[in-house]
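Spelled out from the first residue to the last, the chains are:
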Amino acid sequence: MNIQFREHPEQVASIHAKTAIADCDIHPARATRTELHPYLATRWHEHLETYDKRPYHGMMDGPPYPKAQPNAARRDAYPPEGGPQGSSLSFMQQQHLDPNNVVLGVLNPLATGQGIRNHELAAAVCSAINDWQIDKWTSKDSRLKGSIVVANEDGPAAAAEIRKRAGDANFVQVLLLSRNVEPLGQRRYWPIYEAAEEAGLPVGVHAFGFGGNPLTPSGWPSFYIEEMVGHSQCQQTVLASLILEGVFERHPTLKMIMIEAGFGWAPSLTWRLDKSWQRLKSEVPHVKRPPSEYIRDHIFWTTQPMEDPERRDHLSDVIEWVGWDRLLFATDYPHWDFDEPTRVLPPGVSEANREAFYLNNALKLYGLSE
Amino acid sequence: MWLPSYLWRLHKFWRGIRMETPWVDRAPLEIVRSNIRFSLQPIDAPSDPQTLNRLFDHMQSDELPLFSTDYPHWQFDGDAALPEGMSPALVRKVMIDNPYATYGRLKQAAIRETMS
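Notes on the structure in this doc start here. Remember, it's a predicted structure, so these values are computed and weren't measured experimentally.

1. A look at the environment of Pro 285 of chain A
Residues and elements named next belong to chain A.
Then step 1. Positionally, Pro 285 belongs in the loop between helix H8 (266-280) and helix H9 (291-298).
Then step 2. Take Pro 285: there are 8 C-beta atoms within 10 Å of it, and that puts it in the exposed class.
Then step 3. For the pair Pro 285 and Pro 309, spaced 24 residues apart in sequence, the C-alpha separation works out to 38 Å.

Here it is as structure tokens:
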């Protein structure tokens, strides 16, 4: 069983006993339904009360599959003062940031305005989430950095939000989700990449989303376990679209991060893209280089859920193929499939690679190196 | 060549949330090894034999791939349909033994022909 009940969070002897880590995927939550109201105009309070948020996914609220655990989160992550998992800064510090020696934590809010069909409301909620990240989290704990969430289906509004936050050191990336109305390389999303490159901010693409399309190219699966597996297929279509629509040809300094969708599939997708490009490049003359080169130059991957082969040397092969300098450690706190920092790497990894994996790649990518 | 990492992921989540699908009473890895076979072409691997053989090692079975060419489609690899660097034993598995083991009627037909 994957449920563990503990009276108290696991205690460790000293916070300094553990390697300093960057956790590039932490999910902050709201303690109450009205926690965003101070950041939203009164008209939106009334609108939400009357009409609620309606995503492209259709007449539903919340995730399309039961999450195996309440809020997809650890049972031991409920804050003592109440509220859902991930909604208390002090408990996050006590349970995760301090004992795991997290020196950089990147916040990825998931329940935002992304995917709302009413684009004005989407933009207002996203902007409110960005203010909320500063007020509740990043201004209170300098280890935490925010993600600029944007109205993803409204390119100009999204670009405006990025430009508004461009110089704000509370944020280290722009955040998108993998499931949108169209694959992310398409034109409606181009203003987002233009503004992000201009601001010098990487764009993260987190698994999940509300775009209304089935998760898989062959329709809606029946079970949550299929959704968890399917995030990797979905992310592959996103990455192929970004490359083949020429996003990186137009934005040579843009960096993107594939979040929570695995990285074990990266080598085989890269090889397949290169092989197809060799034969079909006349169809996409704007893609001037082999896809593998764009991937090597532009793409980073967060590690959780860590690839977990039966034989650990197979993991070392895959990391060699992806690149030790391209991986960003992440735990997914407070979600149930949390990766324990001390247990993800096989033995025999060099000190330099360990440090890159756990911390230095993230500091460099996010421009936080000393 | 997407198969090994796909199975790692499927296996990991099966361990975590198999209570959702209790009728799946064996590891997905085992089900694939006993019940599923894969045609070889187009092979998503670089041309260096070392990497190719690491990938076959990741599959942890030499019984899964079946030789195929996709003739006459444009992806057809011509004379290079079999990637370089496979051991003679693996070539035999992929081109002869695995297809016979998969398509039972072929084996029976071959035996009948030998006997007649």
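2. With respect to the interface of chain A and chain B
Then step 1. Chain A puts 23 residues into the contact, and the matching count from chain B is 21 residues.
Then step 2. Looking at the side of chain A that touches chain B, the element that brings in the most residues is helix H6 (residues 224-244) of chain A, giving 5 residues.
Then step 3. Residue composition of the side of chain A that touches chain B, grouped by class: 11 nonpolar, 6 polar and 6 charged.

3. What about helix H5 (residues 190-199) of chain A?
Residue and element names in this part refer to chain A.
Then step 1. Those residues of H5 lying buried are Ile 192, Tyr 193, Ala 195 and Ala 196. End-on view of H5: buried residues confined to an arc of 165°, all on one side of the axis.
Then step 2. The elements touched by buried residues of H5 are helix H4 (155-165), strand S4 (171-179), strand S5 (203-209) and helix H7 (247-250).
Then step 3. Gly 200, located one to two residues past H5, shows a positive phi value of around 70°.

4. Some thoughts on the environment of Gly 264 of chain A
Then step 1. Here Gly 264 of chain A is to be found in the loop between strand S6 (256-259) and H8.
Then step 2. In this structure the C-alpha to C-alpha distance between Gly 264 of chain A and Ala 72 of chain A, which are 192 residues apart in sequence, comes to 23 Å.
Then step 3. Setting aside residues no more than four positions away along its own chain, Gly 264 of chain A makes contact with Glu 307 and Val 318 of chain A together with Ser 5, Trp 8 and Arg 9 of chain B.

5. A closer look at unusual backbone geometry
Residues and elements named next belong to chain A.
Then step 1. Of note, the amide linkage connecting Gln 304 to Pro 305 takes the cis form, showing an omega dihedral of -5°.
Then step 2. Positionally, Pro 305 belongs in the loop between strand S7 (299-302) and helix H10 (312-322).
Then step 3. The phi torsion at Asn 101 lies on the positive side, around 50°, for a residue other than glycine.
Then step 4. Positionally, Asn 101 belongs in the loop between helix H2 (89-97) and strand S2 (102-107).
Then step 5. What makes Asn 101 partly exposed here is the crowd of 18 C-beta atoms within 10 Å.

Parameters and conventions
Throughout, a residue's number is its position along its own chain's written sequence, starting from 1. The order in which chains are written sets their letters, starting at A; the order in which ligands are written sets their numbers, starting at 1. In keeping with the predicted nature of the model, local features appear solely for residues at pLDDT of at least 70, side-chain atom pairs appear and are counted solely at 80 or more, and the whole-chain, interface and lining totals rest on all residues. Strands are runs of DSSP state E lasting at least two residues, helices are runs of H or I lasting at least four, and both sets are numbered from the N terminus onward. Any residue with 12 or fewer other C-beta atoms within 10 Å of its own C-beta is exposed, any with 20 or more is buried, and the rest are partly exposed; the C-beta atoms used are placed from the backbone. We call two residues in contact when the distance between their C-beta atoms, placed using the backbone, is within 7 Å. Classification used: nonpolar for Ala, Val, Leu, Ile, Met, Phe, Trp, Tyr, Cys and Pro, charged for Asp, Glu, Lys and Arg, polar for all others including Gly. Throughout, the arc means that of the directions going from the helix axis to the C-beta atoms.

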